[in-house]
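The residues making up each chain are set out below.
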Amino acid sequence: QASTGVEALDLGLHEPFDVIVLDVLIPAPDGFMVLGKLRDSGVDSPVLMLTALTGVEDRVAGLDWGADDYLTKPFALTELCARLRALTRRVPGPRSTVLAVGDLTLDPVRHSVSRGGQPVRLTAREYALLLHMMRHPGQTLSRTHLRQNVWDPAFEGDSNVVDVYVHYLREKIDRPFGRGSLQTVKGFGYRLVDDRPT
């Protein structure tokens, strides 16, 4: 257990952990900075961000820094335990830093995206959506699933927000390259596939 960001960073860099629960509002450096330094140093333990911040921007920031999950206060202890069990099942061993679906790559440490070696610039929310889809390559993900896992679970904004951001992503990762890797599954949702010519 660490009570400050300095202690958390020291523990994270020198002790192996199956999973890390990291409070964003820990005394300086804050949880975002601690997580960024851990990821930059090659620490690949799953990290669940724990915070009272509930804004979508804060959730996206946590994902951008390399968090695996995000839980806001107040919360039920049973939910925290369930999420930790899920994280340990999801990541049984060391993870590759760079995610790839075909020639589309995403580096969570450097927060960079490229297609065929060409850099692609994304907004924070576009990046968070692509990150989640690249962690589930080839899987059809419903709009509800995407809203709950990329936006805040209690998000009550425009119900078409997923469709809007999928369109934005296509305009950046597919259309300029003459590709169609971000596919629509009619009546259900979307999936990201390797669409390189065989």
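Coordinates for the structure precede this section.
Residues numbered from 1 in each chain as written. Predicted model: local features only at pLDDT ≥ 70, side-chain atom pairs only at ≥ 80, totals over all residues. Heavy atoms only, no water.

### Some thoughts on the environment of Ile173
Condition: Only DSSP runs of H or I with at least four residues qualify as helices, and only runs of E with at least two residues qualify as strands; both kinds are numbered from the N terminus onward. By the convention used here, residues are in contact when the closest approach between their heavy atoms is within 4.5 Å.
On the secondary structure map, Ile173 appears in helix α7 (residues 161–174). Note: C-alpha distance between Ile173 and Ser114 (59 residues apart in sequence) is 8.3 Å. In this structure Ile173 touches Leu104, Arg115, Val120, Leu130, Ser181 and Leu192, once residues within four positions along its chain are discounted.

### A closer look at the sheet that holds strand β3 (residues 69–72)
Definition in use: Any two strands with at least two DSSP bridges between them are considered paired. Here an axis means a line fitted to C-alpha atoms, over the contact stretch when the element is a helix, while the angle between two N-to-C directions is reported on a 0 to 180 degree scale.
What the three strands build is an open sheet, ordered β1-β2-β3; its pairing is parallel. Each edge of the open sheet is held by one strand with a lone partner, namely β1 (20–23) and β3. If you compare each strand with its neighbour and ignore which way they point, the axes differ by 25° on average. Pairing between β1 and strand β2 (residues 47–51): four bridges, direction parallel. In the strand pairing of β2, Val21 is matched with Leu48.

### Points about helix α2 (residues 31–40)
Selection criterion: Relative accessibility under 20% of the residue-type maximum defines a buried residue, over 50% an exposed one, and the middle range a partly exposed one, all with a 1.4 Å probe and only protein chains included. A 3.5 Å cut-off defines polar contacts: any pair of N or O atoms within that distance qualifies, except that in protein one atom must be a possible hydrogen donor and the other a possible acceptor, and neighbouring residues in sequence count only when both atoms are side-chain atoms.
Counting buried positions along α2 gives seven out of 10 residues, so the element sits mostly inside the fold. Along α2, the residues that are buried comprise Gly31, Phe32, Val34, Leu35, Gly36, Leu38 and Arg39. The N-capping residue of α2, defined by a side-chain oxygen 3.2 Å from the backbone nitrogen of Phe32, is Asp30. One or two positions beyond α2, positive phi appears at Gly42, with a value near 90°.

### A short note on the pattern of salt bridges
The cut-off we apply is this: Any carboxyl oxygen of Asp or Glu within 4 Å of a side-chain nitrogen of Lys or Arg constitutes a salt bridge here.
Per the counting criterion, the structure on display carries 12 salt bridges. The salt bridge involving Lys73 is made with Asp23; its shortest N-O contact spans 2.8 Å. Taken together, the residues span a long stretch of sequence, with Lys73 in the loop between β3 and α4 (77–90) and Asp23 in strand β1 at a distance of 50 residues. Lys73 sits in the partly exposed class, given a relative accessible area of 33%. Look at Asp23 and you get partly exposed, because its relative accessible area is 22%. Among the salt bridges present, the one from Arg179 reaches Asp103, with a minimum N-O distance of 3.1 Å. A residue pair is termed long-range when its members are at least 10 positions apart, and Arg179 in the loop between α7 and β9 (182–185) and Asp103 in the loop between β4 (99–101) and β5 (104–107) qualify at 76 residues.

### Points about the sheet that holds strand β6 (residues 112–115)
Pairing is antiparallel in the open sheet, where four strands are placed in the order β4-β5-β6-β7. Whereas interior strands pair on both sides, the edge strands pair on one side only; in this sheet they are β4 and β7 (118–120). On average, adjacent strands in this sheet sit at an angle of 25° to one another, irrespective of strand direction. Relative to β5, β4 is paired through three bridges, and the arrangement is antiparallel. Residue pairing in the sheet places Val101 in a bridge with Leu104 of β5. Where helix α5 (residues 124–134) meets the sheet, its contacts fall on β4, β5 and β6, and the angle it forms with β5 comes to roughly 110°.

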